[in-house]
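Commentary on secondary and tertiary structure
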Amino acid sequence: MQLLQCPFCGLRSETEFHFEGQAGKPRPENSRAASAEEWADYLYRQDNLKGRMREVWVHLPCQEYFVMERNTVTMAVYGAEALDGDME
C-alpha cells in the first residue's frame, strides 16, 4: 500500500484518495454554447502521458481537492498542494 500526502491531513493510505483528472485543462470558454462533443472532450479525455504529471485528486475523508504531481509510470509522488484558482 502506498501512502499519499494530503495537504490538509498529512500522510494517508492511498485508499482514501480519488483521482479527479488532469490539472490545467481549460474548460470550454463559452459553456452555454459548447457542444456535447466539447464537454465530453473536457470531462473524459486525458492526455495520459508517461512520466511526471500534475493531477487533481480529492481526499475523501476531508473532501478537499488538491493538485498532486506524480510519475505515472513509477507512482513516485513529487508533491501535493492545495488547489487554487490557477492550476497551470
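In what follows, the accompanying structure is described.

Rules behind the numbers
Residues numbered from 1 in each chain as written. Predicted model: local features only at pLDDT ≥ 70, side-chain atom pairs only at ≥ 80, totals over all residues. Heavy atoms only, no water. Helix = DSSP H or I, 4+ residues; strand = E, 2+ residues; numbered from the N terminus. Buried < 20%, exposed > 50% of the residue type's maximum accessible area, 1.4 Å probe, protein only. Contact = heavy atoms within 4.5 Å. Areas by Shrake-Rupley, 256 points an atom, 1.4 Å probe, with all protein chains shown as cover. Pairing = 2+ DSSP bridges. Axes fitted to C-alpha atoms, helices over the stretch in contact; angles between N-to-C directions. Phe/Tyr/Trp six-rings, centres within 6.5 Å; stacked < 30°, edge-to-face > 60°. Lys NZ or Arg CZ within 6 Å of the ring centre and 35° of its normal. Salt bridge = Lys/Arg side-chain N within 4 Å of Asp/Glu carboxyl O.

Things to note about the overall build of the protein chain
If you tally the helices and strands in the protein chain, you get one helix and six strands. Along its sequence from the N terminus, the protein chain presents helices and strands in the succession β-β-β-α-β-β-β. Its C-alpha atoms put the protein chain at 40 × 30 × 20 Å along the principal axes. Counting every position in the protein chain, which comprises 88 residues, the buried fraction comes to 26%. In the protein chain, of all internal contacts separated by at least 6 residues, the share reaching a separation of at least 24 is 42%. For the protein chain, the accessible surface area stands at approximately 6,100 Å², while carbon and sulfur atoms represent 48% of it.

Re the sheet that holds strand β4 (residues 52-59)
If you trace the four strands from one edge of the open sheet to the other, you get β3-β4-β5-β6, paired in antiparallel fashion. Sheet topology places β3 (17-22) and β6 (77-82) at the edges, where each strand pairs with a single neighbour. When strand polarity is set aside, the average angle formed by the axes of neighbouring strands in this sheet is 30°. When β4 meets strand β5 (residues 64-71), the two strands line up antiparallel, connected through eight bridges.

Quick word on the packing of aromatic side chains
What the rule picks out here adds up to three aromatic pairs. The interplanar angle of 85° and the centroid separation of 5.9 Å between the aromatic rings of Phe-17 and Phe-66 together place this pair among those described as edge-to-face. Of the two residues, Phe-17 is situated in strand β3 and Phe-66 in strand β5; the sequence distance between them amounts to 49 residues. Here the two residues Phe-17 and Phe-66 agree in accessibility, since each one is buried. Plain terms: the ring middles of Trp-39 and Tyr-42 are 5.8 Å apart, the flat faces sit at 80° to each other, and that makes the pair edge-to-face. Placement of the pair is Trp-39 and Tyr-42 together in helix α1 (residues 36-44), with a separation of three residues, close to one helical turn. The ring centre of Tyr-42 lies 5.5 Å from the NZ or CZ of Lys-25, which sits over that ring. The ring of Tyr-78 has Arg-52 lying over it, and the distance from NZ or CZ to the ring centre is 3.6 Å.

Re the pattern of salt bridges
The tally for this structure, following the rule as stated, stands at six salt bridges. Here Arg-54 ties to Glu-81 by a salt bridge, and the two come within 3.7 Å at their closest N and O atoms. Highlighted residues: Arg-54 in strand β4 and Glu-81 in strand β6, separated in sequence by 27 residues. For Glu-81, a relative accessible area of 40% gives the class partly exposed. Through salt bridges with shared partners, a single network forms among Asp-41, Arg-45 and Asp-47.

Function cannot be read off these values alone, since they describe shape.
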